[in-house]
Amino acid sequence: MWQQKSYESDHPSGVLYLVPTPIGNLEDMTFRAVRTLKEVDKIAAEDTRQTKKLLNHFDIHTPLVSYHDHNKTTSGNKIIQALNEGKNIALVSDAGMPAISDPGYELVVQCVAEKIPVVPLPGANAALPALVASGLPNDSFYFYGFLPRGKKEKKEQLTHLANLPFTLIFYEAPHRLKETLQFMHDHLGDRHVCIARELTKKYEEIIRGTLSEALSWCKDSEVRGEFCLIVEGNKDAASGQEEEWWRHVSIVEHVEHYMKEKGLTSKEAIKQVANDRQLPKREVYNTFHIEEK
């Protein structure tokens, strides 16, 4: 066990600061974030060119180093070395909170493994503003981020999420929005959804309705900007009905239900049934194929 005391000054190493940056409106940069970026020894940035614009705006002259998905191993090791030498380093992404659908997780893990303090600053992100403005329940929610790009993988993830009673939060790029909404409609049903577009920017829009209405909106509108999707949870699961319906059917009927109603393959359905019933997949597989014959 390691008890980090973030603001004690006797750390043998430096400190890694996770500094959120504006997602579109520079006024969302906090005083503390500006001060931290000025005081650290280096800033590790996802895109140094993008971050340089931010630093110039706030008159920050701290040296920049690159840290992104394609160099995170080599760059991460150099950052760890600098931290162990007593340097303080701030990690920023292009916009929003570092390590949330952006580079940073692996670096945090390295720091924790070496007992290097990691200090997070609160600040700008897209998920929570979209959630609180959505009008959907926010007492419990599940943040997913970006769904897989592959159709098979996307289908598998949505099938896994379908029974969760929590409000779901996703990010999506404009060129994949229509396909993702269609997959959600097909595998989650026609749930309520809130589409938050270009949050904090001049053309911010918040579209509320059902997934079928959202698909119609996609067809009739020019889809531009970055999107945060807030999707209603499974109301039947929340009331306990979804959890118990299958208790009154056989394993074969349970598997066939997912194949017929959800469009799953037998392999996917068997996996879901095993998860529902907390049984080994091999047991469900054998029961299904033996009784099916």
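Anyway, here's the lowdown on the structure attached to this text. Since this is a predicted model, take the numbers as computed values, not measurements.

Procedures and definitions
- Numbers given to residues run from 1 along each chain, matching the order in which its sequence is written.
- Owing to the predicted nature of the model, reporting of local features is limited to residues with pLDDT of at least 70; listing and counting of side-chain atom pairs is limited to 80 or more, with chain, interface and lining totals taken over all residues.
- Hydrogens are left out, water is left out, and the side-chain values use all remaining heavy atoms of the structure.
- Paired strands, in this sense, are two strands between which DSSP finds at least two bridges.
- Starting at the N terminus, helices and strands are each numbered in turn, a helix being any DSSP run of H or I of at least four residues and a strand any DSSP run of E of at least two.
- Every axis in this analysis is a line fitted to C-alpha atoms, fitted for helices over the stretch in contact. Angles between the N-to-C directions lie between 0 and 180 degrees.
- The criterion used for residue contact is that any of the two residues' heavy atoms lie within 4.5 Å.

### A look at the sheet that holds strand β9 (residues 205–210)
Taken together, the five strands give an open sheet; going across it, the order is β6-β7-β10-β8-β9, and neighbouring strands pair in mixed fashion. Pairing within the sheet leaves two strands with one partner each, and these edge strands are β6 (141–146) and β9. Between one strand and the next, the sheet's axes are offset by a mean angle of 15 degrees, whatever the strand orientation. As judged from the five bridges shared by β6 and strand β7 (residues 167–172), these two strands associate in the parallel manner. Across the sheet, residue F143 finds its bridge partner in β7, namely I169. On top of the sheet, helix α6 (residues 151–161) reaches β6 and β7; it is set at about 160 degrees to β7, its chief contact.

### Things to note about the sheet that holds strand β3 (residues 64–66)
Spatial ordering of the open sheet is given by β3-β2-β4-β1-β5, a layout of five strands whose pairing is parallel. The sheet is open, and its two borders are formed by β3 and β5 (118–120), each paired with just one other strand. Averaged over all neighbouring strand pairs, the angle between strand axes comes to 25 degrees, with direction disregarded. Bridging between strand β1 (residues 16–18) and strand β4 (residues 89–92) involves three bridges; their strand directions are parallel. What sits directly across from L18, in β4, is L91. Sheet strands in contact with helix α4 (residues 105–113) are β1, β4 and β5, and its direction is about 145 degrees off that of β1.

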